[in-house]
Amino acid sequence: MEKSLNNKELRTEFKAKRNAISSQLRKDMSLAITENFLALLESDFKGANIFLCFYPYGSEVDLLGLYERLLDIDKDLYFPVSNINTHELTFYKVNDLKDDFHEGAYGIMEPNDNLEQFNGDDSSTVVITPGLIFDERCNRIGYGAGYYDRFFASHPDTFKVGVGFEEQIINKLNVGAYDVPLDYVVTNNRLIKRSRQ
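Predicted model only: the values in this text are computed from it and were never measured.

Definitions and limits used
Residues numbered from 1 in each chain as written. Predicted model: local features only at pLDDT ≥ 70, side-chain atom pairs only at ≥ 80, totals over all residues. Heavy atoms only, no water. Helix = DSSP H or I, 4+ residues; strand = E, 2+ residues; numbered from the N terminus. Rg over C-alpha atoms; globule rule 2.2 N^0.38 Å. Buried < 20%, exposed > 50% of the residue type's maximum accessible area, 1.4 Å probe, protein only. Contact = heavy atoms within 4.5 Å. Areas by Shrake-Rupley, 256 points an atom, 1.4 Å probe, with all protein chains shown as cover. Lys, Arg positive; Asp, Glu negative; His and termini not counted. Charge placed at Lys NZ, Arg CZ, Asp CG, Glu CD. Pairing = 2+ DSSP bridges. Axes fitted to C-alpha atoms, helices over the stretch in contact; angles between N-to-C directions. Disulfide = S-S within 2.5 Å. Arc of directions from axis to C-beta. Expected span 1.5 Å × (residues − 1). Phe/Tyr/Trp six-rings, centres within 6.5 Å; stacked < 30°, edge-to-face > 60°. Lys NZ or Arg CZ within 6 Å of the ring centre and 35° of its normal.

(A) Structural context of the overall build of the protein chain. When its secondary structure is counted, the protein chain shows four helices and 12 strands. A compact globule built from 197 residues should have a C-alpha radius of gyration of about 16 Å, and the protein chain, at 16 Å, falls within 12% of that. Here the C-alpha coordinates of the protein chain stretch approximately 45 × 40 × 40 Å along the principal axes. For the protein chain, the residues scored as buried account for 47% of the 197 residues in total. Contacts spanning at least 24 positions in sequence make up 67% of the contacts within the protein chain whose residues lie at least 6 apart. Total accessible area on the protein chain is roughly 10200 Å²; 46% of this is exposed by carbon and sulfur atoms. In the protein chain, the 22 positive side-chain charges and the 31 negative ones have mean positions that sit 7 Å from each other.

(B) View of the sheet that holds strand β1 (residues 50-52). Here we have seven strands laid out as an open sheet, ordered β3-β2-β1-β6-β9-β11-β12, and mixed in their pairing. The open sheet has two edge strands, β3 (88-94) and β12 (191-193), and neither has a second partner. When strand polarity is set aside, the average angle formed by the axes of neighbouring strands in this sheet is 25°. Of the pairings in the sheet, the one linking strand β6 (residues 125-129) to strand β9 (residues 159-163) comprises four bridges and is parallel in character. Within β9, the position partnered with T129 by the bridge is G162. The sheet strands contacting helix α2 (residues 23-44) are β1, β6, β9, β11 (184-186) and β12, and the helix crosses β11 at an angle near 145°.

(C) Quick peek at the pairing of β9. Across the five residues that make up β9, a large majority, four, are buried. As paired elements, β9 and β11 share three bridges and run parallel to each other. Among the inter-strand pairings, V163 is bridged to a residue of β11, identified as V186.

(D) Up close: the sheet that holds strand β8 (residues 140-141). The strand order across the open sheet formed by three strands is β8-β7-β10, and the pairing between neighbours is mixed. The open sheet has two edge strands with one neighbour each: β8 and β10 (169-170).

(E) Quick look at the state of the cysteines. Under the criterion given, the structure shown has zero disulfides. Of all cysteine sulfurs in the structure, the one in C53 sits closest to C138, which takes part in no disulfide; the separation is 19 Å.

(F) Helix α3 (residues 64-72), seen in detail. Those residues of α3 lying buried are L66, Y67, L70 and L71. Buried residues in α3, looked at end-on, bunch into an arc of 140°, giving them a common side. Of the surrounding elements, those touching the buried residues of α3 are α2, β1, β2 (76-83), β3 and β6. Within two residues after α3, D74 carries a phi angle of roughly 65°, on the positive side.

(G) Seen up close, α2. When the terminal C-alpha atoms of α2 are compared, their 31 Å separation across 22 residues agrees well with the 32 Å that a helix rising 1.5 Å per residue should span. Those residues of α2 that fall on the buried side of the exposure criterion are R26, M29, S30, I33, T34, F37, L38, L40 and L41.

(H) Quick peek at the packing of aromatic side chains. With the rule as written, the count across this model stands at 12 aromatic pairs. Ring centres of Y55 and F79 lie 6.5 Å apart, and the angle between their planes is 55°; on these two criteria the pair is classed as tilted. Linking Y55 in the loop between β1 and α3 with F79 in strand β2, this pair joins segments that are 24 residues apart in sequence. Measuring from ring centre to ring centre gives 6.4 Å for F118 and F151, while their planes differ by 50°; the resulting arrangement is tilted. Taken together, the residues span a long stretch of sequence, with F118 in the loop between β5 (109-111) and β6 and F151 in helix α4 (residues 147-154) at a distance of 33 residues. By relative accessible area, F118 is classed as buried at 8%. The exposure class assigned to F151 is buried, which follows from its relative accessible area of 5%. Here the aromatic residues Y78, F91, F118, Y148, F151 and F152 are joined through ring pairs into a cluster of three or more. Positioned over the ring face of F152 is K160, at 5.5 Å from the centre of the ring.

Here it is, written out as structure tokens:
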């Protein structure tokens, strides 16, 4: 069934599948993803100080608890503002998960534009990446506008970590020339690490 669907159809199917997860189960699985991400931080990202985050929207993984914990250990957190004309992301440093935000494009919470803009060292930066679908090779399908692929193309040395529920994983996605694979995908059940071969 997976092979017969194009990416547009897959998006529709998996968005519906994610929306069908109960709010309590999404909350429980988001907590499990937080714990699995923190374990990855201890093992692979001990030197990382900069985290580019996303604010949860709709039925996405809710990592606000993770972000609070990262702030507690003095990590720098940045959140994106979407330019709907160029389909590019600009990240701004956030110190408070309530006061530093306003409702932006698409109804998604965005950081206030008077905050410090990201201009950091890519090699110490972890990009916590949303998506609709991920595969066993750490490829992802987002919402179709290419925001993150554009950002990754201009910041190739960042650590790219996808986060999603186990229900969002399939065996293999059809990827295009501009689709940038992730380094890791963290779900509520496991960690998938991309093979460099």
